[in-house]
Structures are given as C-alpha cells and as structure tokens.
Amino acid sequence: MASARLSPNGVGAALAGDTNLRPIVQVVNLRCVNVDGKGTPRSDRWRGLVSDGAETCPAMFAGQLSDLARSGLIRRGSVVQLDEYVINMVGGRRVIVVLNLTVLLAECDIIGNPVITPESESSNQNNPRVEQFNGTRQYGLAAGNPSPTRPNGNVPVFQPSLAGNSLNTATRLSDKSPVFQPTAQPSYRPAPSYKNQGAIAKNEAPARIIPISSLNPYQGRWAIKGRVTAKGDIRRYHNAKGEGKVFNFDLLDSDGGEIRVACFNTQLDRFYEVVEVGKVYVVSRGNLKPVQRNYNHLNSEWEITLERDSSVDLCPDENSSIPSQQYNFRPISEIEDTPTGTILDIIGVAISVSPSTTVQKKNGTETLKRIIGLKDMSGRSVDLTMWGDFCNREGSQLQEMVERGVFPVLGVKTGRVNDFNGKCVGTISSSQLLIDPDLSEAHTLRQWFDGGGRDASTQSISRDHTPAASRNEVRTTVAKIKDDGLGMGDKPDWVTVKASIIFFKSDNFCYTACPTKEGDRQCNKKVTKGTSGLWVCDKCDKEFPECDYRYLLQLQIQDHSGTTWVTAFQETAQELLGCSALELITYKENGDPRFAETMLSCLFKDYLLRLKVKEETYSDERRVKNTLVKVERFDPAAESRYLLDLLSRSVASY
C-alpha cells in the first residue's frame with residue numbers, strides 16, 4: 001500500500017490550539033456512533049483516533065463528512081489533511097472536532113509508532129463498556145476483549161492498530177451535550193455574485209480566509225484576501241487544443257504574501273472587467289499549480305488558475321492594512337551576473353530615450369519597441385526595452401521629459417533580464433513603470449544624480465557584454481575585424497565599432513515575403529508573382545493577393561581604419577531608417593522625394609554599431625558575414641565618459 005509523510009508534532013500543535021496548522025494526519029481508528037439498541041445508526045456521526053506518527057488524539061467528524069466515512073473513502077489507515085477544525089473539552093479531555101478535511105490517501109499502512117496520549121488513555125479506561133453521546137448509547141468493546149464486537153454487520157467498529165492498548169474501548173462521556181468553544185478564525189462567506197455557478201455540495205462549510213503564504217494544493221475550500229497590484233493585458237494563444245485567451249493579475253495580502261492568478265477563456269470573460277488594480281478582493285476556490293519562475297518572481301511557490309466555481313468578490317470597505325505594492329529593487333550592477341530570464345525590480349535615472357519603432361514578432365504580429373537608458377549609483381547603466389503600449393504611455397512621457405533636459409527617476413516592477421545584444425531588461429505584460437515615484441529609493445537617486453551623479457562615469461552592461469556571456473565585448477575597428485580573424489571559430493564574435501555609414505544599396509533593400517502564418521509564426525519566405533497576378537509561396541504552396549515587405553539592407557560602413565560591408569535585417573534596419581520596408585518601397589515606387597531623404601539622412605553620421613561576425617558558406621564558398629544587430633546614435637558625452645573610464649581602469653591596472 002502507498003505511504004505518505006505526516007506532519008511532525010501535528011497532533012500536539014493542534015491540541016495546543018493552533019487551528020491554522022492544517023496538519024496531515026492518519027486515521028488509526030474510526031467508528032460510527034449514535035446507534036440504537038440493534039446497532040443501527042440513528043444519527044450519522046463518526047468518531048475515531050488520529051495520529052501524526054508518534055502521538056494520537058480523539059477526533060469527532062462533522063455531519064457533512066459522514067458520506068466520506070460511510071462510503072469508505074475515510075477508513076482506518078486513511079491519510080487526511082485537517083483543513084478546518086476546532087479544539088473542545090469533552091468529558092474532561094481535549095478532542096479535535098473536524099469540520100472539513102481533504103483525503104490524501106484513502107488507504108495506507110500505519111505510519112510510525114503512534115502511542116496514546118495520557119489524556120486519551122485515562123479517559124478511555126474510565127467507562128470500559130458503554131459510550132453515551134447526546135443521550136444515545138453506543139456499543140463498543142470491553143476493555144479486556146481482544147477482538148472487536150460487531151453489533152450489526154453493517155456498522156463499522158474500532159480496528160485496533162496497537163497491541164496491548166485500549167484504543168477501541170467504549171467510554172462514557174458527559175450526559176450533557178458538549179459545549180463547543182471554537183478557536184478557529186471566522187469563516188468567509190462569499191458574496192452571491194457567482195454563488196449559483198458550478199456544483200455546490202450539500203451542507204458545505206464556508207471557506208475561511210487564510211494567508212497567501214499558507215496556500216497549498218492539499219487544501220479543500222479556501223479563500224484569500226489581497227490587493228491587486230498588477231493586471232496583465234489579454235493575451236491570445238494557440239496550442240494543440242485550439243485557440244484561447246488569458247490574463248493574469250497579482251494579489252498582495254496584509255502579511256506580505258504575493259500570488260499570481262490566471263483566468264482563461266470563460267473565466268477571463270467573467271473577471272476581466274471585475275478586477276481593477278489597487279482594489280482589494282476575496283478570491284476563493286481555484287486550482288493551485290507550481291509557479292513558473294521564468295515568468296513569475298512573486299514570493300509564492302504556487303499560482304492560481306480560476307475555475308467555474310471560483311469567485312472574485314470586491315471588498316469596498318477594506319482599510320489600509322494591505323499595502324498597495326512592495327518592491328525589491330536590485331542595483332544595475334547585479335544584473336551583470338543575473339541569469340537570463342530572471343524577473344526582478346530595478347530603479348534608475350532615465351538618461352536617454354530612443355524613438356518608438358515597429359517590429360515584427362515571431363508569430364507574425366507587429367508591436368512597438370522603445371529603448372530607455374537607465375543609470376544608478378552602482379556605476380553601471382542598462383538598456384530598458386519597452387514593448388507594446390508602454391512605448392506610447394510611459395515612453396512618450398519619458399521622451400518628452402528627457403528632451404526638455406529633465407531626467408526622471410524610473411522604477412520598473414517586474415522586468416525580465418535578457419542577453420540579446422548584451423544584458424538588458426525588458427518589460428512584460430505584468431510590468432509596471434513608475435515615473436518619479438514617491439519612494440525612498442527614488443529620493444536617494446534624485447539627490448545623488450542632482451548632486452553630481454549626472455556627470456559620473458558609468459559603464460553600460462548592455463553595450464559591453466556579448467549575448468552569450470558575461471564578459472566585456474570587444475570594442476574594435478573595421479580593419480581589425482579582418483586582421484584578427486574574427487568570426488572564423490565555431491561561435492560568432494560580437495564586436496562594437498564606432499563608424500559612419502557611407503553607402504546604401506538602394507536597388508534591393510527589401511524583399512517580398514510570405515504573410516502566411518504557420519502556427520504562431522509567419523512564414524516570411526520570399527514570394528514571387530505568378531502569371532495570375534497573385535503572389536506565390538513555394539514553401540506554403542499558396543497564392544494570395546498581397547505580400548509583406550521585409551528589409552534586407554546592404555550598407556557600407558567606414559571608420560579611420562577602413563571600410564566593410566554589413567547586412568541589416570528587418571528590426572535593425574527599421575530602427576536605423578525610422579520607417580517600415582513597406583513605407584520605403586512605396587516612396588520609391590511613387591517617386592516620392594522622401595525615399596532619397598530617408599536614405600541620405602543616415603549617411604556620414606557617426607554611430608556605435610553592434611556587429612555579429614560569423615563565417616558562412618555561400619555556393620560552396622566560405623566567407624565572413626557582418627550582421628548589424630544594433631545601432632546607436634553616437635553621443636559625444638557618453639563616449640567621452642566611456643574613454644575616461646577605460647583610461648582610468650588602464651592606469652589602475654598598470
């Protein structure tokens with residue numbers, strides 16, 4: 001038979017009055033009480049003995065649990081978790097009155113070496129033959145009888161698990177009904193908004209509000225109360241089961257516990273308009289799943305998925321006992337060695353804001369992108385990549401402030417570390433951006449920046465690190481790319497050069513691409529126009545009236561050491577030129593002067609160009625290819641700070 005792990009000292013802690021423990025115990029004896037003279041049950045009441053593997057104590061089970069015992073789901077050997085219970089004095093002894101439980105194992109070998117507590121043993125020996133509860137006589141075993149007596153073949157009786165003791169001895173309780181003095185915290189009764197949705201068990205006990213930190217998947221009914229600190233956008237997905245939609249929201253309770261709640265499809269329709277950031281809700285019922293740390297940095301080990309019988313009820317009169325948010329800001333210097341995919345909070349001064357650009361995601365859809373430069377007192381700066389609506393909301397506000405010479409403090413709640421083109425931080429759907437927040441960390445940064453931090457030398461961990469490692473990227477020249485044999489190894493080399501663009505190939509700067517989606521990704525293979533006038537994709541074997549246009553831009557760069565050719569693909573070329581390939585090809589076909597203006601506006605200007613250098617094979621010929629992966633307009637002040645910092649480190653090492 002299966003085995004399980006019981007809660008150490010679970011019985012002792014429960015008897016001591018800890019009704020929030022929810023211990024895992026084993027039922028070592030169980031019988032039905034309140035039978036008539038023929039042994040037939042009158043009132044469905046069950047009592048028994050529970051064990052934590054070392055200590056035992058008497059237990060009485062509430063009426064709503066009778067079906068579990070009668071059906072055999074609870075029996076001798078069953079391992080259960082006591083979700084709700086109270087401790088009462090009955091006949092001079094402490095008894096656990098179980099109101100609600102979860103059956104973990106219906107059958108299991110007796111665990112450990114449970115012994116009877118002195119209280120249980122002495123009270124069991126007082127009246128060895130007859131037990132009376134609420135005036136009804138119960139048949140049991142004589143103290144010296146080594147085998148159970150079964151008054152009626154259908155009535156279960158004690159099955160002793162330890163030789164030589166009187167676990168199944170009948171006992172006379174008080175002739176008066178026991179007086180219950182519950183010590184558990186009050187139960188929460190949900191509002192009737194969604195009361196009638198889903199099956200409701202008969203005589204169901206109301207859920208009790210518990211701390212978020214106490215949630216675990218072995219509980220039955222539960223309820224948590226917390227403030228919504230973040231609400232994600234609606235996301236659509238496609239998998240083997242078909243298409244769907246989902247949104248998340250985060251809850252924070254008065255004990256500092258945090259947890260993420262997910263609502264899919266029907267539950268999204270029920271709760272998306274109900275949930276508002278900053279308000280307090282009671283959430284009850286739901287499926288607990290282990291947290292995915294790549295997407296969730298909250299301090300809970302679980303995530304909640306709401307189901308049909310779940311409820312989300314507003315608490316309009318909630319006071320300020322629950323904080324509005326909590327932060328765990330990390331210095332930018334720590335991000336340098338933080339694993340990719342880590343979710344964290346950072347805060348820094350916004351020193352640069354790039355224009356917003358449109359990029360195409362892997363699933364074929366388009367989104368907005370904007371890069372913010374942040375620096376702090378750790379001597380490091382980092383690029384924050386904004387995605388989607390953040391670019392138009394906070395991004396536009398930040399750009400306007402920086403252009404006016406105002407450098408605001410920006411706090412980022414829930415950003416993701418990535419190492420594409422260097423270590424940087426990106427927003428996700430649940431991120432929050434706080435401009436000049438009223439926080440002690442923000443005030444300290446402002447005082448430092450205004451007191452001289454503005455001109456302090458900092459090193460960018462986004463510009464000086466390769467995507468594949470946490471080591472300084474090589475700042476080199478055009479000539480040394482060839483002289484040093486870069487790109488000839490198994491892995492590509494990533495370098496940065498300060499150079500200007502001197503020439504574009506304007507004839508074939510883009511190609512016609514297939515717009516067909518393959519699952520979550522767009523095909524993007526080159527298409528040709530057939531005799532029917534429709535665009536044809538050989539890979540998809542489809543025809544369509546319109547195609548997409550994607551950049552494949554060939555450009556020549558030059559610095560003081562020489563010139564070389566570089567290829568810029570979709571996202572990088574669009575960031576450089578400031579318009580989409582479709583817009584530029586339209587200018588060209590219509591003879592619009594904006595075509596030449598766009599090209600000329602980028603020539604003979606200095607840039608910091610991030611290059612991927614890798615040897616590739618073309619028509620059985622191997623040659624080194626330079627791919628432009630990031631372009632940054634040259635900032636003389638930032639370059640001067642970089643050179644001074646490089647000089648100071650060189651002198652220190654000398």
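Per an unreviewed UniProt entry, the protein goes by Replication protein A subunit and derives from Triticum aestivum. Its UniProt record gives the protein a comment under Function (unreviewed entry), which states: "Component of the replication protein A complex (RPA) required for DNA recombination, repair and replication. The activity of RPA is mediated by single-stranded DNA binding and protein interactions. Probably involved in repair of double-strand DNA breaks (DSBs) induced by genotoxic stresses." Taken from UniProt, the Subunit (unreviewed entry) comment for the protein reads in full: "Heterotrimer of RPA1, RPA2 and RPA3 (canonical replication protein A complex)."

Student: I'm lost on the overall build of the protein in this one. Help?
Tutor: Along the protein, the regular secondary structure elements total 12 helices and 36 strands. Residue burial in the protein is summarised as follows: out of 654 residues, 49% are buried. A separation of at least 24 residues holds for 65% of the contacts in the protein among residues at least 6 apart in sequence.

Student: Would you mind showing me how to read the side chain of aspartate 559 here?
Tutor: Relative to the assigned elements, aspartate 559 resides in strand E33 (residues 548–559). Despite its burial, aspartate 559 remains without a salt bridge, the nearest opposite charge being carried by lysine 498 at 8.0 Å. Other than its neighbours up to four places away in sequence, aspartate 559 contacts Thr477, Val478, Lys498 and Ala499.

Student: I would appreciate a short explanation of helix H10 (residues 581–589) in the present structure.
Tutor: Each full turn of the α-helix corresponds to 3.6 residues, which orients residues three or four apart in the same direction. All buried positions along H10 are accounted for by Ala581, Leu584, Ile585 and Tyr587. With its buried residues spanning 155° around the axis, H10 presents them on a single face. Just downstream of H10 lies glycine 591, where phi reads positive at about 65°.

Student: Help me understand the confidence of the model for the protein, please; the structure alone is not making it clear to me.
Tutor: Caution applies to low-pLDDT regions: their predicted coordinates should not be interpreted in detail. Residues at a pLDDT of 70 or more form 79% of the protein, whose mean pLDDT is 78. For the protein, per-element mean pLDDT is lowest for strand E8 (residues 136–139), which scores 32, and highest for strand E34 (residues 562–569), which scores 94. The low-confidence segment residues 35–42 (pLDDT under 50) makes 23 contacts with residues lying over four places distant or belonging to another chain. Counting contacts from residues 118–204, a segment whose pLDDT is below 50, to residues more than four positions away or on other chains yields 181 contacts.

Student: Which parts of the structure should I look at to understand the sheet that holds strand E30 (residues 528–529)?
Tutor: As a general point, the strands of a sheet are linked pairwise by backbone hydrogen bonds and lie either parallel or antiparallel. Overall, antiparallel pairing links the 3 strands, which are arranged E30-E31-E32 in an open sheet. Of all strands in the sheet, those bounded by a partner on one side alone are E30 and strand E32 (542–544). Inspection of the sheet shows strand E31 (residues 535–537) paired to E32 by 3 bridges, in the antiparallel sense. The residue bridging valine 536 from the neighbouring strand is glutamate 543, located in E32.

The rules behind each value
- Residues numbered from 1 in each chain as written.
- Predicted model: local features only at pLDDT ≥ 70, side-chain atom pairs only at ≥ 80, totals over all residues.
- Heavy atoms only, no water.
- UniProt positions renumbered as here; feature names shortened; annotations may be inferred.
- Helix = DSSP H or I, 4+ residues; strand = E, 2+ residues; numbered from the N terminus.
- Buried < 20%, exposed > 50% of the residue type's maximum accessible area, 1.4 Å probe, protein only.
- Contact = heavy atoms within 4.5 Å.
- Lys, Arg positive; Asp, Glu negative; His and termini not counted.
- Salt bridge = Lys/Arg side-chain N within 4 Å of Asp/Glu carboxyl O.
- Arc of directions from axis to C-beta.
- pLDDT = per-residue confidence, 0-100.
- Pairing = 2+ DSSP bridges.

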